[in-house]
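Listed below, chain by chain, are the residues.
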Amino acid sequence: MRADHWSEGAARVATRQGLMGKSFELAAEAYADAVGGSMSADSLRRITEGWGRRVEEQRQEAAKRANAPAQKGESPQERRLVEVRPITGQANLSTDGGMVLIRDEGWKEVKLTTISAVEVRPAVERPEREGAASRRAEDPLVKLKGHSYQGGVWDADTMALHQYAEGLRRGIDHCQRLSSVNDGALWIERITDLNFPEAVQIVDWPHAKRKLWKVSKAVFGEQSPEGKEWVEERLGHLWEGKVTKVETALEELDLEQERWPDEVRQAPGYFESNRKRMRYDEFRAEGYPIGSGTVESGINTVVHHRMKRPGRGWERSNGQAMLAGLSELHSGRFDPAWKATLSLAA
């Protein structure tokens, strides 16, 4: 029996429900349905957040161990963290952010990193699509699976520590091929290059595409046929890796004028600075993913589904505890993480 007088079995069920439910009240109802007994929403909250705090302690220790300076006599082959579902072939690493409300602080960014195994199949296995032909019809079929996550209310440098630790946990530092698809944010590029310089960094194709459409709508108008034609030609160049042609077309629009929104004015610099990460013709031919949908989906499923709620928001330490627990739950590691914290709960 635990110090709070709940059995380990009851606490385990309560914690899982507390992480999965949209609220602790709904989680308490799900708990009653699952075990046939009752638990108050407040008790369920304390159990869930308490477990999350223990997971948070452990992941901080893991990040510290993973990022510690090399020790005298330490073998390069020695693994600092135990590998969990290591990826041996091709992997992808993507990082992004989403907003949550922190009590007395306002809306803060949760930074999330997602690591996935990459499966590449021949183009002939690509499902046929009705209607217009797909741009990717001749490309290898690329699928991402086996996702794991680490998320927290962190600054970029703290995110870097946890990104690296999760990478070691998945073994991506010795993968045969590693890519990192992101939205082009400088802080993501910096920490990824620091942790995994061997990763092929790629700008998310839908993000680059949206940039061009925003320029078109601002300059030519929302429903302009001329604007649509302009975008389609630019996308054709971008798809073929001819980024300099896109840069030239943007420069011809004279976007430095004050009347344009910041994002439109900054578009030429965005494509110029990300030129080497937009070689989409090469990336597609080599079987690399060009979309960061895994981390964008992770922001919704790991973070927003549970962490966006009405009211005053989360007290910071409780929010961080929940994010630690949610990271393990959605990484498919709830059971081993639960067992690993039993000694801390004693």
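Use the structure listed above.
Residues numbered from 1 in each chain as written. Predicted model: local features only at pLDDT ≥ 70, side-chain atom pairs only at ≥ 80, totals over all residues. Heavy atoms only, no water.

### Some details on the overall build of the chain
A count of helical and extended segments in the chain gives 15 helices and five strands. Considering only contacts in the chain between residues 6 or more positions apart, those separated by 24 or more positions represent 70%. In the structure as shown, the chain presents an accessible area of about 17,200 Å², 50% of it carried by carbon and sulfur atoms. If you average the places of the 52 positive and of the 54 negative side-chain charges in the chain, the two averages end up 4 Å apart. (Helix = DSSP H or I, 4+ residues; strand = E, 2+ residues; numbered from the N terminus. Contact = heavy atoms within 4.5 Å. Areas by Shrake-Rupley, 256 points an atom, 1.4 Å probe, with all protein chains shown as cover. Lys, Arg positive; Asp, Glu negative; His and termini not counted. Charge placed at Lys NZ, Arg CZ, Asp CG, Glu CD.)

### Some details on the packing of aromatic side chains
Note on aromatic pairs: each is described by the distance of the centres and the angle between the planes. All chains considered together, the criterion is met by eleven aromatic pairs. The interplanar angle of 55° and the centroid separation of 5.1 Å between the aromatic rings of Trp-51 and Phe-334 together place this pair among those described as tilted. Of the two residues, Trp-51 is situated in helix H3 (residues 41–67) and Phe-334 in helix H14 (residues 334–340); the sequence distance between them amounts to 283 residues. Considering the side-chain rings of Trp-205 and Trp-239, the 4.8 Å spacing of their centres and the 70° angle between planes classify their relative orientation as edge-to-face. Residue Trp-205 is found in helix H6 (residues 205–220), and its partner Trp-239 is found in helix H7 (residues 225–239); the two are separated by 34 residues along the sequence. Given the relative accessible area of 9%, Trp-205 is considered buried. Taking relative accessible area as the criterion, Trp-239 reaches 9% and is therefore assigned buried. An aromatic cluster is defined as three or more aromatic residues linked by ring pairs; in this entry it consists of Trp-205, Trp-239, Tyr-280, Phe-283 and Tyr-288. (Phe/Tyr/Trp six-rings, centres within 6.5 Å; stacked < 30°, edge-to-face > 60°. Buried < 20%, exposed > 50% of the residue type's maximum accessible area, 1.4 Å probe, protein only.)

### A closer look at the side chain of Glu-166
Relative to the helices and strands, Glu-166 is located in helix H4 (residues 156–170). Glu-166 gets classed as buried once you look at its relative accessible area, which sits at 0%. Within the structure, Glu-166 has its side chain in polar contact with the side chain of Arg-169 (distance 2.5 Å). Ignoring anything within four residues of it in the chain, the contact list for Glu-166 reads Ile-115, Ser-148, Tyr-149, Gln-150 and Arg-333. (Polar contact = N/O pair within 3.5 Å; in protein donor to acceptor, adjacent residues only side chain to side chain.)

### Quick word on the environment of Trp-187
Following the sequence through the fold, Trp-187 ends up in helix H5 (residues 186–195). Taking the C-alpha atoms as reference points, Trp-187 and Met-159, separated by 28 residues in sequence, lie 10.0 Å from one another. Every residue in contact with Trp-187, bar those within four places of it in the chain, is listed here: Thr-95, Asp-96, Lys-111, Ala-156 and Met-159.

### Quick word on the pairing of strand S5 (residues 200–203)
Here strand S4 (residues 177–182) runs beside S5; their pairing, made up of four bridges, is parallel. Looking across to S5, one finds that Val-181 is bridged to Ile-202. The β-α-β motif built from S4, the intervening H5 and the parallel element S5 has right-handed crossover chirality. (Pairing = 2+ DSSP bridges. Right-handed = clockwise from strand over helix to strand, strands pointing away.)

### Focus: the pairing of strand S2 (residues 106–121)
Sheet analysis places strand S1 (residues 90–102) next to S2, joined by 13 bridges and oriented antiparallel. Note that in S2 the partner of Asp-96 across the bridge is Leu-112. What sits between the antiparallel neighbours S1 and S2 is a turn of three residues, in which Asp-104 has the positive phi angle 70°. Of the strand pairs in this sheet, S2 and strand S3 (residues 141–152) are connected by ten bridges, and their pairing is antiparallel. Looking across to S3, one finds that Leu-112 is bridged to Gly-151.

### A closer look at the sheet that holds S4
Within a sheet, adjacent strands bond to each other through the backbone by hydrogen bonds, running parallel or antiparallel. On the basis of which strands lie adjacent, the open sheet formed by five strands has the order S3-S2-S1-S4-S5 and mixed pairing. Whereas interior strands pair on both sides, the edge strands pair on one side only; in this sheet they are S3 and S5. Between one strand axis and the next, the sheet turns by 25° as a mean value, whatever way the strands run. (Axes fitted to C-alpha atoms, helices over the stretch in contact; angles between N-to-C directions.)

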